[in-house]
Amino acid sequence: MSGLKLFRTNGGMTEVAPRLAEAEADVQHLVEAHMETLLGVRFLASEYGTGPVHGGRIDSLGLDENGAPVIVEYKRATDAGVINQGLFYLAWLMDHRAEFGHLVRDRLGATASSQILWSAPRLICVAGDFTRYDVHAVREHRRSIDLVRYRYFGDDLLGLETVASVTGPAAVAKGARRRAAGPVPVRRQGEALADLTGAVDEVLLGLGDGVTRVQRKQYAAYQRLRNFACLCPPQQTKLLVYLKADPSEVDLVPGFTRDVTGLGHHGTGDLEVQLRSERDVERAAELFRLSYAAA
């Protein structure tokens, strides 16, 4: 279980007891209004109809930082049906890829539509709480599912806590065999960079529970609900890792760390870390932990 993350949504901070929302719709509207900040997901549509045959409405549709389709379902309190409902909609989505692609193109443009990561669709369930049976149930499915508990604190703070995070076959979870295939294609790079890639992968996956790796052609993303690190394939003499740590809060070292805010690069994150040896990995360990905590 991850630590509780608090997000100020309106004004100043107050010391009050946590509470549930008055209605499910309140949670949905708040998350949709701040979806990229809260979940790392670009919002696409609310109450999306699945047509007369299925007769359903998907609470929220989105696209995550790596281009994976995301369905978000909400419940005010504890509801055993939220997971099965979400999986039903996820199956519908996989059968209607062209329709989703058109939606992405209309909202985010043709480039985003052409880069949808269909191998790693996600379901995020946001609810007041979950039972141990819910946690067990998600582990039985071959889909990427996140169970997220919410709490309100007064009128201006929202707390989110990841109760369970399970990855589908396209993602690799902590504890998997990491070195067998390698997270990033090394091809003709030397053994030193291959070993360095494996070392970085092991450190990032080992930062805590619920860390998963999603492989894209241009990078490997390490997630804890949201991306916290992106590892690019080896260059001639180094590896590049992009972190969600704030560059303004880091003592930048030329040749080791760089502020890439506003600069185009593969993956996500504004802090670039350049790694040439396993000693550099040790130097970067605190930055990795900082980015992991921020996620």
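Up top is the structure these notes are about.
Keep in mind that what you see is a predicted model, and the values were worked out from it rather than measured. (Residues numbered from 1 in each chain as written. Predicted model: local features only at pLDDT ≥ 70, side-chain atom pairs only at ≥ 80, totals over all residues. Heavy atoms only, no water.)

Considering the packing of aromatic side chains
For clarity, the threshold we go by: Here is the rule: rings of Phe, Tyr and Trp (six-membered ring for Trp) pair when centre to centre is within 6.5 Å. Planes less than 30 degrees apart are stacked, more than 60 are edge-to-face, and the remainder are tilted. Every helix listed is a DSSP run of H or I at least four residues long, and every strand listed is a run of E at least two residues long, numbered separately from the N terminus. In this scheme, a residue with accessible area under 20% of its type's maximum is buried, one over 50% is exposed, and one in between is partly exposed, where area comes from a 1.4 Å probe on protein chains only. Only Lys NZ and Arg CZ are tested; either one counts as a charge over a ring when it is within 6 Å of the ring centre and within 35 degrees of the ring normal.
A full pass over the atoms with the stated rule returns five aromatic pairs. Judged by centre distance (5.6 Å) and plane angle (70°), the ring pair of F100 and W118 falls under edge-to-face. In this pair, F100 is assigned in helix α5 (residues 97-108) and W118 in the loop between α6 (110-114) and β6 (122-127), connecting sequence segments 18 residues apart. Accessibility classification places F100 together with W118 in one group, the buried group. With a centroid separation of 5.5 Å and an interplanar angle of 85°, the aromatic rings of F228 and Y292 are classed as edge-to-face. With F228 in strand β12 (residues 226-231) and Y292 in helix α9 (residues 278-294), this pair connects stretches of sequence that are 64 residues apart. Assigned by exposure class, F228 and Y292 land together as buried. The ring of F256 has R283 sitting right over it, with the charged end atom 3.9 Å from the ring centre.

Description of the layout of surface pockets
What counts, and what does not: Put plainly, a pocket is an open set of points on a 1 Å grid over the protein atoms alone with protein on both sides within 12 Å along at least five of seven lines, a cavity is a set where a 1.4 Å probe fits but cannot get out, and a lining residue has an atom within 4 Å of a point. Grid points are joined across faces, edges and corners, and a volume is the space filled by probe spheres set on the points. Note that Gly is not counted as nonpolar here; it falls among the polar residues with everything else outside the nonpolar set of Ala, Val, Leu, Ile, Met, Phe, Trp, Tyr, Cys and Pro and the charged set of Asp, Glu, Lys and Arg.
Taken as a whole, the largest pocket spans an internal volume of roughly 470 Å³. Looking at the largest pocket, it is lined by 20 residues, and the ones nearest its centre are R42, E65, N66, Y219 and T268. Those elements giving two or more residues to the lining of the largest pocket turn out to be β3 (41-49), β4 (57-64) and α6. Per-class residue counts for the lining of the largest pocket are four nonpolar, nine polar and seven charged.

As for the packing of helix α8 (residues 191-205) against α9
Each pair of packed helices gets described by two things: the angle between the helix axes and the distance between those axes. The line we're drawing: Fitted lines through C-alpha atoms serve as axes, helices being fitted only where they are in contact, and the angles separating the N-to-C directions of these axes extend from 0 to 180 degrees. Each angle is binned into one of four classes, with values under 35 degrees roughly parallel, values over 145 roughly antiparallel, values of 65 to 115 roughly perpendicular, and all other values oblique. Should the near helix be turned anticlockwise from the far one by less than a right angle, the crossing is termed left-handed; should it be turned clockwise, right-handed. Should any heavy atoms of two residues lie within 4.5 Å, those residues are counted as being in contact.
The geometry of α8 relative to α9 is characterised by a closest axis approach of 11 Å and an angle of 25° between their N-to-C directions. Put simply, α8 runs roughly parallel to α9. Here α8 runs over α9; the crossing is right-handed. The segment α8 lies against α9, with D195, L196, A199, V200, V203 and L204 engaging E278, V281 and F288. Considering only residue class, the contact of α8 with α9 consists of seven nonpolar, no polar and two charged.

Some details on empty space enclosed by the protein
In total, this model carries one cavity of 30 Å³ or more according to the counting rule given. Volume-wise, the largest cavity comes out at about 100 Å³. Along its surface, the largest cavity is lined by 15 residues, and R122, S144, T167, T212 and Q223 are the ones closest to its centre. Counting residues per element, the lining of the largest cavity draws most heavily on strand β7 (residues 144-153), at three residues. Partitioning the lining of the largest cavity into residue classes produces seven nonpolar, five polar and three charged.

Description of the nonpolar core
In plain terms, the rule: In this text, buried Ala, Val, Leu, Ile, Met, Phe, Trp, Tyr and Cys residues form a nonpolar core when linked through side-chain atoms within 4.5 Å.
With 32 residues, the main nonpolar core has L61, I71, L93, F100 and L147 as its most contacted residues. Counting residues per element, the ones that place at least two in this core are β3, β4, α4 (81-94), α5, β6, α7 (132-139), β7 and β8 (157-166). Looking at this core, the element that brings in the most residues is α4, giving eight residues. Not counting chain neighbours up to four residues away, the residues in contact with I71 comprise I58, S60, L61, Y89, L90, L93, R122, L123 and I124. Counting 26 residues, the second-largest nonpolar core is a separate cluster that includes L193, L205, V211 and L271.

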